[in-house]
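This is what each chain is made of:
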Amino acid sequence: MSIRYGTVIGQANPEFFNFNIENREVRPSNYEYVQIEVEETVGEDKEKVTVLSQVKGLYSSHPFYNIRTSPEAAQRMQQLGVPEGLLQIIATAKILGYLPIGSGGGGEREIRRPRTPPLPGTPVYRASDELIMEFFRLPEKELPLEMGCLLHRPSVRIPISGRELHRHTAILAMTRYGKSYFAGKVMEELLKKGATIITIDVHGDYINMVNHPDGVAHDFFRDKVTVYRPESAEGIDLPHVKPLRFNVASCDFAELTALTRIDGTLQMIVLRNVLNELRKDKQGAYSLEDVIERLEEDMKDEKATEKERIFNIIRRLDDLKNRGIFSDYETSIEEFFKPMHISDIFLSGLSSDEQDIFVWLILRKIFDAKFKKQPWARLPLFVFVEEAHRFAAPPEFGSGKYSREILARIAAEGAKFGLFLTVISQRPRKIDPDILSNCSNMAVLRVVNKNDQGQIQAASESFSEDLLADLPALDQGEVVLVGPFVSVPVMIKTIERETQHGGRTPDIYRLLQEAKSEAEREQMKKRSKIY
């Protein structure tokens, strides 16, 4: 039999109720789940249904210890031994819903909200693990992804629906509270289901997903990740890294001028004319070297002023050539559609403009392949974008000049073509509201900033005031899940990853100890030389 906590007291409605705690030694904590019986009208009949609820607040009171009680009076009452029977502990619970009779098992399930309030005097019990697991259970066709355990109940695992990720997802939190770790766990679970994934990886958080957390190669994931690295990105020495390059002919004029920082009107006219000539002469198959050579030929017959203008264009194109972005060959977008595989786009070490252009180029080509229904692009593609505020910011913030456009299109239209977006950010207020509002699923860890909280609530009508109030109290790894990928809003603790996470905070204590030891050794060397 479940533990009895108390009884419903005071006024109740179909959304909230209060109950007293009968035994203060056996009382729930915040976020604990409780169950009560409510009489519902079903057709012409009345049925008793078991309703699942969650404790959202606790407070205690005693008539002898009120707001006017002085310290001296309180001390005197303690000496006299005031009876503890007058102590009251009251809990407030939010009603989540119930499973209609006959909706269990392996078939379709529907969670309903009661239309009648619980009656005063109704017993309140600790919800059984079986009831909670049945509430959040997902049939296999929903592609259940096991993400975490219920807060305060490590034995109760909570899945999210991988199928519902087609509605797009936002993973939001303050820095160092576990958003990238949670995203990595989603990727692990998706890979086990055979998913094709591409990650925009700004800091290298996912490049080591081939290994166990201890660094040893993982039996399953060891061949499931390929890292694509632009030549000018931060150097990494890993066996599963491949170069990421594009042919300049695949880059449109606006992208090329942004990369070269050519913004003079006359310079832009000269460059556009050369590109148009090459496109015609070489049927669109030209290289950066071809552009430079054509400019050098044109410069021979020009006046001094025009020569200087063309020389400046050539100088900027040479700089671009040395950065290794463009090549005679191009990484095939077809590679990103490999089943049961992650293509990690490693952008660490690149400037913001370069990152913006790379994201735009890659996602535009992917969207075009899906839009044109290329046979090799038939598989659904899960797109994870780290530091999404860099690429999906509103125009007034300046960042994401090119990538914002394609991300907005994927958020608005991508689902019908099999492109499922997940944005990950610690700055929700700096993500374009149109993009964020298209993310029906929300996984939110700790968020304290009021502006960020307001942006989250504005983007999701399911994010109620009481859920918003819970966000500042969350510990690292604790997540509020809201949206179609869960049966009802739920708070979980992310379970341990199977693969190595790249976004760990440096061990400051250890590093400072090493620095101190190194400084002391240097000091000892200097002293030994003196004496």
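Just above, that's the structure.
Because the structure is predicted, anything quoted here is derived from the model rather than measured.

Peer 1: So what exactly am I meant to see when it comes to the overall build of the protein here?
Peer 2: Broken down by element type, the protein carries 13 helices and 18 strands. Taken across its 531 residues, the protein has 49% of its residues classed as buried. For the protein, long-range pairs separated by at least 24 residues make up 71% of all intrachain contacts whose partners lie at least 6 apart in sequence. For the protein, the accessible area works out to roughly 26100 Å², and carbon and sulfur atoms hold 49% of it. Averaging the positions of the 71 positive and the 78 negative side-chain charges in the protein gives two centres separated by 2 Å.

Peer 1: Where do I start with helix α2 (residues 129–136) in this structure?
Peer 2: Note on helix geometry: an α-helix contains 3.6 residues per turn, so any two residues three or four positions apart are oriented the same way. Among the residues of α2, those classed as buried are L131, I132, F135 and F136. Around the axis of α2, the buried residues are gathered within 120° of arc, so they sit on the same side. Structurally, α2 contributes buried residues whose contacts are with β3 (33–42), β4 (45–61), β5 (88–97), β7 (144–150), β8 (153–161) and β18 (490–494).

Peer 1: What is the right way to read the environment of V423 from this model?
Peer 2: Among the structural elements, V423 can be located in strand β15 (residues 419–425). Looking at V423, the relative accessible area reads 0%, which means it is buried. Considered as a pair, V423 and P213 are 210 residues apart in the sequence and their alpha carbons are 24 Å apart. In contact with V423, not counting residues within four places along its chain, are T169, A170, I171, V385, A388, L436 and C439.

Peer 1: For this particular structure, what's the right way to read unusual backbone geometry?
Peer 2: A negative phi holds for most residues other than glycine; trans holds for most peptide bonds. Positive phi, close to 75°, is recorded for Y31, a residue that is not glycine. The backbone phi angle of K373 is positive, close to 55°, even though this residue is not glycine. You can call K373 exposed: its relative accessible area is 68%.

Peer 1: Help me understand the pairing of strand β14 (residues 381–385) in this model?
Peer 2: The buried fraction of β14 is high, at 5 of 5 residues. Two elements, strand β10 (residues 196–201) and β14, share 5 bridges in a ladder whose sense is parallel. Bridged to I200 within β14 is V385. Tracing the backbone out of β14, into helix α9 (residues 403–417) and back to the parallel element β15 gives a crossover that is right-handed.

Conventions adopted
- Residues numbered from 1 in each chain as written.
- Predicted model: local features only at pLDDT ≥ 70, side-chain atom pairs only at ≥ 80, totals over all residues.
- Heavy atoms only, no water.
- Helix = DSSP H or I, 4+ residues; strand = E, 2+ residues; numbered from the N terminus.
- Buried < 20%, exposed > 50% of the residue type's maximum accessible area, 1.4 Å probe, protein only.
- Contact = heavy atoms within 4.5 Å.
- Areas by Shrake-Rupley, 256 points an atom, 1.4 Å probe, with all protein chains shown as cover.
- Lys, Arg positive; Asp, Glu negative; His and termini not counted.
- Charge placed at Lys NZ, Arg CZ, Asp CG, Glu CD.
- Arc of directions from axis to C-beta.
- Pairing = 2+ DSSP bridges.
- Right-handed = clockwise from strand over helix to strand, strands pointing away.

The values reported here are purely geometric and, on their own, carry no functional implication.
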